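So the chains spell out like this:
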Amino acid sequence: MTRPSAGDATRGEKIVYFIAIAGLLGAIAFPFTAPSGFWLRTFTFVFMAAILAQGWNFIGGYTGYASFGNVAFFGLGAYVTGILMTKAHFDFLPSMAAGGIFCAIFAGLIGLPLLRLKGHYFAVATLGVAVAVREIVSGWDSLTGGGIGLNLPINPDPNSFRQIYFFMLAALTLSILVTYLLARSKIGYAWIAIRENEYAARAVGINTTLYKTLAFALTGLFIGLAGGIYAYYNTTIAPDSLFDITAYTANPILIVIIGGGGTVLGPVIGAFVFQILSTYLSFQFPGLQFTFLGLAMILVIIFMPQGALEYLTGRRVFGLAALLQAPRENRA
Amino acid sequence: MNPVQFAQTLINGLMLGGTFALVGLGFSIVWGIMNLINIAHGEFIMLGAYTTYFLYTFFGIDPFLTIPLSMAALFALGYLIERGVLTWVIRAPLLVKFLITFGLSILLENLALQVFSGDYRSVTTAYSGIGLEIGGVKIASVRLAALLISILLVYLFHLFLTRTRIGNAIRATGMDLDAARLTGVKIAPTFALTYGLSAALAGAAGSLISMTFPITPSIGSGYTIYAFLICVLGGLGSVPGALVGGIVLALLQVFAGFFAPGFKDAIGFTVLVLVLIVRPEGLIGKPFYSGSEQ
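Every value quoted in this text rests on a predicted model; they were computed, and no experiment measured them.

Engineer: Before we move on, could you go through the overall build of chain A and cite the residues and values that matter?
Structural biologist: When helices and strands are counted, chain A shows 16 helices and two strands. Rg of the C-alpha trace for chain A: 20 Å, near the compact-globule value of 20 Å for 332 residues, within the 12% margin. The C-alpha extent of chain A, read off along each of the three principal axes, is 55 × 45 × 40 Å. Burial analysis of chain A (332 residues in total) assigns 51% to the buried set. Sequence-distant contacts in chain A: of pairs separated by 6 or more residues, those separated by 24 or more amount to 77%.

Engineer: So what's going on with the pairing of strand β1 (residues 131-134) of chain B? Which residues, and what values?
Structural biologist: Regular strands have side chains that alternate between both faces of the sheet. All names here are of chain B. Summarising the sheet, β1 and strand β2 (residues 137-140) pair through four bridges and their orientation is antiparallel. Bridging across to β2, Leu132 finds its partner in Ile139. Adjacent in sequence and paired antiparallel, β1 and β2 are bridged by two residues, among which Gly135 carries a positive phi angle near 55°.

Engineer: I'd like a description of helix α1 (residues 3-34) of chain B, backed by residues and values.
Structural biologist: Residues and elements named next belong to chain B. Under the 1.5 Å per step criterion, the end-to-end length of α1 is 45 Å for 32 residues, consistent within 8% with the ideal 46 Å. Along α1, the sharpest change in direction is near 25° and occurs at Gly18. One or two steps after α1, the chain reaches Asn35, where phi turns positive at roughly 50°.

Engineer: Tell me what's going on with the environment of Pro68 of chain B, and back it up with residues and numbers.
Structural biologist: Relative to the helices and strands, Pro68 of chain B is located in helix α3 (residues 66-84). Counting along the chain gives 50 residues from Pro68 of chain B to Gly118 of chain B, while the straight-line C-alpha distance between them is 26 Å.

Engineer: Go over the interface of chain A and chain B, please, and point to the residues and values.
Structural biologist: Note: interface size is frequently given as the accessible area lost on complex formation between the parts. Counting residues at the interface gives 38 residues for chain A and 42 residues for chain B. Of all the secondary structure elements, the ones that give two or more residues to the side of chain A that touches chain B are α5 (119-139), α12 (245-259), α14 (289-303) and α16 (319-330) of chain A. Looking at the side of chain A that touches chain B, the element that brings in the most residues is α5 of chain A, giving 13 residues. Across the side of chain A that touches chain B, the residue classes tally to 25 nonpolar, eight polar and five charged.

Engineer: Describe in detail the nonpolar core, supporting the description with residues and values.
Structural biologist: Residues and elements named next belong to chain A. In terms of nonpolar packing, the biggest core is built from 211 residues, with Met168, Ala226 and Ile229 touching the most fellow members. Top element by residues in this core is helix α10 (residues 208-234). It accounts for 16 residues. Beyond its immediate sequence surroundings of up to four residues, Ile229 is in contact with Met96, Ile164, Phe167, Met168 and Ala171.

Engineer: Which residues make up the packing of α1 of chain B against helix α8 (residues 187-212) of chain B, and what values go with them?
Structural biologist: Packed helix pairs are specified by the crossing angle of their axes together with the interaxial distance, meaning the distance between the axes. Residues and elements named next belong to chain B. Where α1 contacts α8, the axes come no closer than 8 Å and their chain directions differ by 165°. The angle between the axes of α1 and α8 places the two elements in the roughly antiparallel class. Relative to α8, α1 is oriented so that their crossing is left-handed. Side by side, α1 and α8 meet where Thr19, Leu22, Val23, Leu25, Gly26, Phe27, Ile29, Val30, Ile33 and Met34 of the first sit next to Phe191, Thr194, Tyr195, Ser198, Ala199, Leu201, Ala202, Ala204, Ala205, Leu208 and Ile209 of the second. For the contact of α1 with α8, the class distribution of residues is 17 nonpolar, four polar and no charged.

What counts as what
Along each chain, numbering runs from 1 in the same order as the chain's sequence is written. Lettering of chains starts at A and numbering of ligands starts at 1, both following the order in which they are written. Reporting of local features is limited, given that this is a predicted model, to residues whose pLDDT is at least 70; pairs of side-chain atoms are given and counted only at 80 or more, and all residues count toward the totals for whole chains, interfaces and linings. The helix count covers DSSP runs of H or I at least four residues long, the strand count covers runs of E at least two residues long, and both are numbered beginning at the N terminus. The globule rule used here is 2.2 Å times the number of residues to the 0.38 power, and the radius of gyration it is set against is calculated over C-alpha atoms. Neighbour counting defines burial: a residue surrounded by 20 or more other C-beta atoms within 10 Å of its own C-beta is buried, one with 12 or fewer is exposed, and intermediate counts give partly exposed, using backbone-placed C-beta atoms. Two residues qualify as a contact pair if the distance between their C-beta atoms, derived from the backbone, is within 7 Å. Any two strands are treated as partners once DSSP identifies two or more bridges connecting them. Multiply 1.5 Å by the residue count of a helix minus one, and that product is the helix's expected span. By definition, a residue's bend is the angle between the axes fitted to the seven residues ending there and the seven starting there. Amino acids are sorted into nonpolar (Ala, Val, Leu, Ile, Met, Phe, Trp, Tyr, Cys and Pro), charged (Asp, Glu, Lys and Arg) and polar (every other residue, Gly among them). A set of buried residues qualifies as a nonpolar core if it consists of Ala, Val, Leu, Ile, Met, Phe, Trp, Tyr and Cys joined through C-beta atoms within 7 Å. Every axis corresponds to a line fitted to the C-alpha atoms, with the helix fit spanning only the stretch in contact, and the corresponding angles, defined between N-to-C directions, vary from 0 to 180 degrees. Our angle categories are set so that under 35 degrees counts as roughly parallel, over 145 as roughly antiparallel, 65 to 115 as roughly perpendicular, and the remainder as oblique. If you view the pair so one helix is near and one far, a crossing is left-handed when the near helix is turned anticlockwise from the far one by less than a right angle, and right-handed when it is turned clockwise.

Right under this line is the structure:
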């Protein structure tokens, strides 16, 4: 993750953006081709995985702080949405927006003290926040329904899956757009400077606390939005399934690793590869998909610690030598 | 809370603290020496617990006598995992090492789920219910024995690290990898040995846990998180620190469980975050191998 961001778009980048826009138009047209419900849901979950990865990308990919607490934003976004819809009888969209904003503010508030920690300590502390939030949510019976959770109002739209698909797509597009615009602004450069050398960044006058907190708040915002949409899709929210650390913290990080951190489209590409593959595996080998996931994680990380995209595009050696390059460099 | 309840809770906390010290010690050593957060630590504990369960259920071996066997089995497993997998990423960035142990943890948990099934199991011996009673305070004999065994193992490990040549080599590697190599320490086998010993301690902790708590293949991640807490509370890579951290966490848990059941982990983690912010080196720790940055 040591790639500087480019200033003006090169020709190669223009091609990438052309493909991205074509992909977006294709994604908008896709539900009108009368796909099966299976594919509609599969792509909805691809988009959700991409939002979670894109969310982690702000704090982990660009700023270099490996947060392991993102599952807290997902769960809180879902719960704020659910509570506003069931207890205050708000409509879905304002509830979802409130969930995202709540998570952004929450991330900013916990970020102020936690972002002073570095490396392992930050990872552990954010994981700790996630576990504490889950406990509080499952303990606060009167508001959250405790361990049983809440039942949201059923989506009245006859094409409800299509509607959820578009909500996810819209949130994903927004997250990509924000990443794209910020990555080439002063803010993006500040993040990368912090990631590469925080002391030097501070020495040249970057307000590191401000930019780190901003990155974490954006992480909270988008993951909170995804949580809200997921709550409306699933209609039942319960602490154990929403605060699943493997699904909503570990997998998004793996997706960013596969696609390449600190890039605009890497997390999206990683999400496609990961989500399609894991959906396939869970159908082909039901019950064994997590065993494969663990194995895949280990192999990807040993052989392609810089991300599969970087492995395929940035290598200077080929064949077996390329495969063995990373383990050779990193061994004891 | 009357005095008897207070004394009972205190005693329960102290007895649990011994096992927690063992839970945290192996994790702390791997973190301190190898600069590696081993998310799979809890799965080693789970495997240790199953070793005791199967040896007791199928061969009738007394659970306490299975502890050396479970330590030996887990040592072998840990040694092989380090030689086969972790050695290839040991110089990689922090996140890469963090994630690879996450992968290991998912793999071990799901393999265990396939092999052992998700059923809850427990080890109940003829003497499980026996205990002493002093002035209304009950002390379960199994838990008392677990405390004594934990203290013994922590002490033996401390002696090993400080009094033997290999122990010194391990500590030297943790302090400065390149300097240790220059003085003739072979790094790869030392790391494998460290990781194997950590797994062996986790195995012993698992054996003790199987005697007091029900076990399933998914108990691992909870213990990994406890290991974090213990390590942060006591200080990184410190043997006495693990003992202090284990007892502090256990006391926090039992008292939180008394006053606010359902929030005991929330309280534990709030304390963790506060300690991290105020005193990142732990309550009694000193910056050992403060390799938190890479």
